[in-house]
Amino acid sequence: MNCQRGWGTAEYLAILAGLMVLWRGAQAALELLAEHHDEFSWALMIPF
């Protein structure tokens with residue numbers, strides 16, 4: 001039973017670390033978009 005608890009903790013920490021990586025990636029993408037907004041804004045005006 002102790003081993004099973006260890007696996008649960010490891011899975012929980014892995015999921016938490018993955019969410020932190022996704023959150024940091026999203027923040028970096030938003031900062032990049034804000035930094036280069038003028039370059040990307042013309043692409044939003046192109047009709048698809």
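On a predicted model such as this, the values are computed, not experimentally measured, just so you know.

What follows concerns a negative patch on the surface. A cluster of like negative charges, contributed by Glu31, Glu35, Asp38 and Glu39, occupies part of the molecular surface. Of all the elements in the fold, those that place two or more residues in the negative patch are helix H1 (2-35) and helix H2 (37-44). As for its position among the elements, glutamate 39 is in helix H2. Residue class for glutamate 39 comes out partly exposed when judged on its relative accessible area of 49%.

Quick look at a nonpolar patch on the surface now. Residues Tyr12, Leu13, Leu16 and Met20 make up a contiguous nonpolar surface patch of roughly 430 Å² in combined accessible area. Among the structural elements, leucine 13 can be located in helix H1.

Cut-offs and rules
Residues numbered from 1 in each chain as written. Predicted model: local features only at pLDDT ≥ 70, side-chain atom pairs only at ≥ 80, totals over all residues. Heavy atoms only, no water. Patch = residues over 30% accessible without salt bridge, like charges linked within 9 Å, V, L, I, M, F, W, Y side chains within 5 Å. Areas by Shrake-Rupley, 256 points an atom, 1.4 Å probe, with all protein chains shown as cover. Salt bridge = Lys/Arg side-chain N within 4 Å of Asp/Glu carboxyl O. Lys, Arg positive; Asp, Glu negative; His and termini not counted. Charge placed at Lys NZ, Arg CZ, Asp CG, Glu CD. Helix = DSSP H or I, 4+ residues; strand = E, 2+ residues; numbered from the N terminus. Buried < 20%, exposed > 50% of the residue type's maximum accessible area, 1.4 Å probe, protein only.

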